[in-house]
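# Survey of secondary and tertiary structure
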Amino acid sequence: MGMTVGSGGSTSGAIRTHASRTRLIRGLLIALALSYVSILLLAPLAGIVWAAIKGGMDVVSETFARADVRHAFWLTGIITLVTVVTVTVLGMLTAWVLVRDDFPGKRFLNALVELPLAVSPVTVGLMAVLLFGTGGWFSDFFAARGIQIIFALPSMILVTIFISIPFVIREVGPVLEELGTNEEEAALTLGASPIQTFFRVTLPNVKWGLLYGMALSTARALGEIGAVLIVSGSIQGQTETATLYVFRALEERQEASGYVVALTLAAISILLLAAIETFKHRQSKEARS
Amino acid sequence: MRPAIRVNELGKRFGDFVAVEGVTFDVEEGKITALLGPSGSGKSTVLRMIAGLEDPSSGEILLAGEDQTHVSVQDRKVGFVFQHYALFRHMTVSQNIAFGLTVRKEPRNKRVKRVNELLELVHLGPFGDRFPDQLSGGQRQRVALARALAPQPKVLLLDEPFGALDARVRQDLRRWLDELHRELGITSVLVTHDQEEALELAHKVVVMHEGKVEQIGSSEAIYNEPATPFVASFVGAANVIRGLVIGGRVQFGEQQLDGAEHLNDGDAAHAFVRPHDVLVSMERADGSSSPAVVEALSNLGWTSKVRLTLPDGQALTAQVPNDKLEGVTEGKRVFVDLRNAKVFAPGGRAVEPSDELAAV
């Protein structure tokens, strides 16, 4: 009798020790992940918010009243808009081809799509200079037609598109893959044209992946500096984007207005991602109820 | 009468792989025709070519007498039902059913009327506003059927429509489809690997194997008069007894079977005998009976499966109604009478018959 009680007690004790140790390890892991993300992401963000607003609202309004700041935002807006439209249309097309078609060199193309993530934007800028700058491969062609590429908007858009290519393709590809061809085939047998099929069946199904890819592309285009710095020449009031303005503001010891612009850029990206996350969540909840 | 669908010398290659070769058959107006075969036999590829979802490498397809071989999918006006439903998951049941009318720009009031008709037809009246993922498998397949019927197609093509459902739902849906077909009388082609489904629903069965047609005929003909060893073993269960041809009969061990008049003396022969054509009795009935030993007995409800060994060592399975067992038990010596044997020369395009049941 005593033996049974004793052995039973020690077994449950061992289980309890084991369970509490598991809980402890899990707690530590959660704490580690939380502090890793918050220290590396939230701390700098909090820092920039504080730096931007400590000078008071005057600095904010002063900053946005400046002609060079307004021009910088306008330029960033143009570049981002053209970039996002281009990478959305061509990215959707490329994802489609990569998922649905089989052709020699497909794996190579698949790997090539990742290239902009692997190459430093500075290198991308240099490549553009080599192609379009004085003595470059295409410089004579455009110079003869009076078109300025380097140190002008075209090259700035070009390098921004280059570095933003992967996002739409990488977000849409897996969704297309998962979707399969069944629904599209069903639409075709029901009399839909390929274009109707795309807009009524394919697009609604990849919508969230596409929006995510667009949001990531927007964030990337808004924040780009390395490649644009090299190809633009950063001419104040002409080829100076918002990020380039931040760069100059810090050099010229006008930190406060630099922080305001930087914070504005960060806020746009974060709001964009948060909005999509919310919509997506709401939609999936609607579909389930 | 002109056939609703004519498939003529149809072929399909994927690279070096020949998926379909020289397939020819007719589908009669208003009837259900089944394409029956194991997976990989090319039956689904044939159906997809009829729909226009796959381009034939050779041959032609005629719908209502008109060559449609190179007409695009959306202009063929066929209804297609997929194995995995393929419902539009971002649309409600009603929107799914209306899709074929919406893309053809049918006026709204006509659309609504037709959708309501079809919801009633497939017994899903109250489910119009649901999304596909809120329905059971059987309900989804009924929506898929309603959606395919909505634009009033000339023919209905069904690709393993019950393949993804469990046995009970499959039975119900099969009976329901049969009733629906009697009501609507729409020309239908049903692809299935389930011989019972084909025999029950189809007016005509096209048996396919390795991309070719093995036999075309009514359910009765396919089952009772198989043209090839493959059909004999694939459609319904069959024992395979190996022997030699002597004087137009198959000799195995000490015993003989009729039905080998078409083979030459001395040839090897495979005799296919259905389990229910094996009569088991405790006494020798007449000259054609062979002794056998009962190895095992298992009850299947109102019948029993009796596993036997013939004197020359070959295995044999009999299916016997329980009230005809008359004292047959494991280990007993009994007599078997083999009826309706179909004799074929071994080899050819047949699957290698196993000693056990070739198909169950």
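Our subject is the structure that appears above.
## Quick notes on the environment of Glu-185 of chain A
With respect to the element layout, Glu-185 of chain A can be found in helix H9 (residues 182-189). The buried category is assigned to Glu-185 of chain A, around which 21 C-beta atoms lie within 10 Å. The sequence separation of Glu-185 of chain A and Val-201 of chain A amounts to 16 residues, and the corresponding C-alpha distance is 10.0 Å. Excluding residues that lie within four positions of it along the chain, Glu-185 of chain A makes contacts with Leu-53 and Ala-86 of chain B.

## Focus on the packing of helix H3 (residues 93-102) of chain B against helix H5 (residues 137-149) of chain B
All names here are of chain B. Closest axis-to-axis distance for the H3/H5 pair is 7 Å, and the angle between their directions is 30°. Judged on the interaxial angle alone, H5 and H3 are roughly parallel. Relative to H5, the crossing made by H3 is right-handed. The residues of H5 that touch H3, namely those facing Val-93, Asn-96, Ile-97, Phe-99 and Gly-100, are Val-143, Ala-146 and Arg-147.

## Comments concerning the nonpolar core
Counting residues in hydrophobic clusters, the biggest one holds 102 residues, and the most contacted among them are Ala-34, Ile-50, Leu-157 and Val-189 of chain B. The dominant element in this core, judged by the number of residues it contributes, is H5 of chain B, at six residues. Grouped together as the second largest cluster of nonpolar side chains are 52 residues, Val-124, Ile-157, Ile-163 and Met-214 of chain A included.

## Description of the pairing of strand E10 (residues 212-217) of chain B
It is a general feature of regular strands that their side chains alternate between the two faces of the sheet. Residue and element names in this part refer to chain B. As paired strands, strand E9 (residues 204-209) and E10 are joined by five bridges and run antiparallel to one another. Looking across to E10, one finds that Val-206 is bridged to Ile-216. Where E9 folds back onto E10 in an antiparallel hairpin, the turn is made up of two residues, including Glu-210, whose phi is positive at roughly 50°.

## With respect to the packing of helix H3 (residues 67-100) of chain A against helix H12 (residues 242-251) of chain A
Across the interface, H3 of chain A lies against H12 of chain A with an axial gap of 7 Å and an inter-helix angle of 145°. Side by side, H3 of chain A and H12 of chain A meet where Asp-68, Val-69, Ala-72, Phe-73 and Thr-76 of chain A of the first sit next to Ala-242, Leu-244 and Tyr-245 of chain A of the second.

## So, the sheet that holds strand E2 (residues 17-27) of chain B
Residues and elements named next belong to chain B. Spatially, E2-E1-E4-E5 is the arrangement adopted by the four strands of the open sheet, whose pairing is antiparallel. The open sheet has two free edges, formed respectively by E2 and strand E5 (66-67), since each of these has just one partner strand. Pairing between strand E4 (residues 58-63) and E5: two bridges, direction antiparallel. The partner of Leu-63 across the bridge, within E5, is Glu-66. Against the sheet, helix H1 (residues 43-51) contacts strand E1 (5-14), E2 and E4, and its axis sits at roughly 115° relative to E1.

## As for the interface of chain B and chain A
Each partner contributes residues to the interface: chain B has 18 residues there, and chain A has 16 residues. Put simply, the parts of the chain that give the side of chain B that touches chain A at least two residues each are helix H2 (73-76), strand E6 (78-81) and H3 of chain B. Its residues placed into classes, the side of chain B that touches chain A shows twelve nonpolar, four polar and two charged.

Conventions used here
Residues numbered from 1 in each chain as written. Chains lettered and ligands numbered in written order. Predicted model: local features only at pLDDT ≥ 70, side-chain atom pairs only at ≥ 80, totals over all residues. Helix = DSSP H or I, 4+ residues; strand = E, 2+ residues; numbered from the N terminus. Buried ≥ 20, exposed ≤ 12 C-beta atoms within 10 Å, placed from the backbone. Contact = placed C-beta atoms within 7 Å. Axes fitted to C-alpha atoms, helices over the stretch in contact; angles between N-to-C directions. Parallel < 35°, antiparallel > 145°, perpendicular 65-115°, else oblique. Left-handed = near helix turned anticlockwise from the far one by under 90°. Core = buried A, V, L, I, M, F, W, Y, C linked by C-beta atoms within 7 Å. Pairing = 2+ DSSP bridges. Nonpolar A, V, L, I, M, F, W, Y, C, P; charged D, E, K, R; others polar.

Purely geometric stuff here, so don't read any function into it on its own.
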